[in-house]
Amino acid sequence: MNKKFIFSIVPGIALALCSVAFSSCGDDDEENSGGSNPGGPSVTFSGKLLTQAGQYIFHYDEKKRCNVVETYDYYDGPFKEVEIDYSDNSVYFDSEGMGMKVAFNQKGYITKLSGSWNENEEGEVSSGSLSISFTYDKSNHITSTTLTSDEKEIYEGIEFKYSGTGKSTYTWSNDNLVNITTKYVDYENGEKSETIDKYDITYNEGMENKTRQIPVVLSYYLIDYDISSVAIVGLFGVGPKNLPEIIINEYTEDGESYEPYETNVSYELNSDGTIKSENIDGEIQDYAYTAINDVRSKMASSFAKHYAGPKARKAGTKLFRMLKHLQKRNNVVLQK
């Protein structure tokens with residue numbers, strides 16, 4: 001199969017996340033160079049593989065690694081949102097017809113996404129690059145994400161330049177992720193724009209996250225990008241000790257602050273401690289699991305009708321102004 005190697009940006013809540021010092025242990029993010037674990041962990045929750053979380057359906061390869069995430073579009077029906085080729089260290093985002101190179105550390109967590117492109121079509125030129133790096137501590141928490149990007153376009157003889165850097169802090173306290181603060185600076189033809197996006201997270205201390213899952217709601221805010229869904233099956237480290245209850249978002253753009261937005265969450269658990277359902281502001285996300293030995297025979301392949309609605313993600317704040325220009329590009333070939 002001849003797949004185009006291209007990438008997509010979804011501008012929004014928290015794609016560019018930053019690296020800073022944390023109160024947790026030091027980083028443990030060595031990239032894998034093809035040893036015994038060529039990428040992607042086989043993550044089980046109480047001995048089972050997660051096959052569904054809300055709108056997401058998870059598929060696994062013969063090594064029990066998640067390699068496909070399906071979701072549902074109201075108009076087009078089910079489609080592959082993410083597909084990981086572990087043999088080629090590539091990840092594809094079929095919702096936009098795009099993809100990137102991917103690197104993993106020795107524990108199988110994603111440590112880097114990267115790509116570049118150079119396109120010339122009838123005098124219209126587009127070139128640039130994107131790199132997103134992720135680090136983890138010794139407790140397997142995600143601790144930082146750093147993004148750098150640049151783009152040049154020539155359209156009708158006029159040159160446009162865009163560049164940006166994004167940094168985020170993930171603050172963990174008592175094994176719970178309590179804050180994500182993202183700072184982003186971008187330049188459009190030399191004009192500077194700065195944004196700060198903060199999420200304060202409080203937890204239900206009586207609701208233990210026994211299996212340390214990253215629930216759907218946290219996946220939205222960790223990384224606002226198609227690949228965020230694989231956080232739910234463990235490709236971005238382990239989840240918090242408790243399950244979140246309230247998330248408050250504060251957003252500032254070029255010194256102007258917007259009204260805080262509050263998200264409320266509650267959970268129902270299975271008898272083994274795994275998440276049975278997640279209620280995000282009244283929208284129910286059901287979870288389903290299968291025994292690890294049965295995953296290939298019981299792999300989900302279709303969606304229930306009640307998942308045929310639009311994505312639960314909030315439109316939220318538009319963080320990456322520069323990267324909005326990359327959204328338009330469905331045929332930009334990334335160079336390996």
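In the block above lies the structure referred to throughout.
Note that the structure is a prediction, hence the values are computed from the model and not measured.

**Student:** What is the right way to read the overall build of the chain from this model?
**Tutor:** In terms of regular secondary structure, the chain is built from three helices and 17 strands. Per-residue burial for the chain yields a buried fraction of 52% across its 336 residues. Of all intrachain contacts in the chain linking residues separated by at least 6 positions in sequence, the fraction that spans at least 24 positions is 62%. With an accessible surface of roughly 14800 Å², the chain has 45% of that area assigned to carbon and sulfur atoms.

**Student:** Looking at this structure, I do not really get the pairing of strand β10 (residues 158-173). What am I missing?
**Tutor:** Looking down a regular strand, the side chains alternate between one sheet face and the other. Pairing of strand β9 (residues 142-155) with β10, which is carried by twelve bridges, proceeds in the antiparallel orientation. In the strand pairing of β10, Glu151 is matched with Tyr162. Once β9 ends, the chain turns through two residues before running back antiparallel as β10, passing Glu156 with a positive phi of about 50 degrees. Hairpin remark: β10 followed by strand β11 (residues 176-188), antiparallel, with two residues in the connecting loop; positive phi at Asn174, about 55 degrees.

**Student:** Looking at this structure, how should I read the packing of aromatic side chains?
**Tutor:** Two descriptors summarise a pair of aromatic rings, namely the distance from one centre to the other and the angle between the planes of the rings. Enumeration according to the criterion identifies seven aromatic pairs in this entry. Cluster of aromatic residues (ring-pair linked, three or more members): Tyr199, Tyr220 and Tyr221. Seen from the ring of Tyr289, Lys48 lies directly overhead, with NZ or CZ sitting 5.3 Å from the centre. Looking at Arg65, its charged tip hangs above the ring of Tyr86, at a distance of 4.2 Å from the centre.

**Student:** It is not clear to me how a negative patch on the surface should be interpreted in this structure. Could you clarify?
**Tutor:** On the surface, Glu121, Glu122, Glu124 and Glu156 cluster together into a patch of negative charge. Looking at where Glu156 falls in the secondary structure, it is placed in the loop between β9 and β10. A relative accessible area of 64% places Glu156 in the exposed class.

**Student:** Is there a simple way to think about the pattern of salt bridges in this case?
**Tutor:** Close approach of charged atoms allows side chains of opposite charge to pair. Tallied over the entire structure, the rule returns eight salt bridges. Notably, a salt bridge pairs Arg212 with Asp175, separated by 3.3 Å at the nearest N-O pair. Of this pair, Arg212 sits in the loop between β12 (191-208) and α1 (216-222) while Asp175 sits in the loop between β10 and β11, and the two are 37 residues apart along the sequence. Take Arg212: its relative accessible area is 27%, and that puts it in the partly exposed class.

Calculation criteria
Residues numbered from 1 in each chain as written. Predicted model: local features only at pLDDT ≥ 70, side-chain atom pairs only at ≥ 80, totals over all residues. Heavy atoms only, no water. Helix = DSSP H or I, 4+ residues; strand = E, 2+ residues; numbered from the N terminus. Buried < 20%, exposed > 50% of the residue type's maximum accessible area, 1.4 Å probe, protein only. Contact = heavy atoms within 4.5 Å. Areas by Shrake-Rupley, 256 points an atom, 1.4 Å probe, with all protein chains shown as cover. Pairing = 2+ DSSP bridges. Phe/Tyr/Trp six-rings, centres within 6.5 Å; stacked < 30°, edge-to-face > 60°. Lys NZ or Arg CZ within 6 Å of the ring centre and 35° of its normal. Patch = residues over 30% accessible without salt bridge, like charges linked within 9 Å, V, L, I, M, F, W, Y side chains within 5 Å. Salt bridge = Lys/Arg side-chain N within 4 Å of Asp/Glu carboxyl O. Lys, Arg positive; Asp, Glu negative; His and termini not counted. Charge placed at Lys NZ, Arg CZ, Asp CG, Glu CD.

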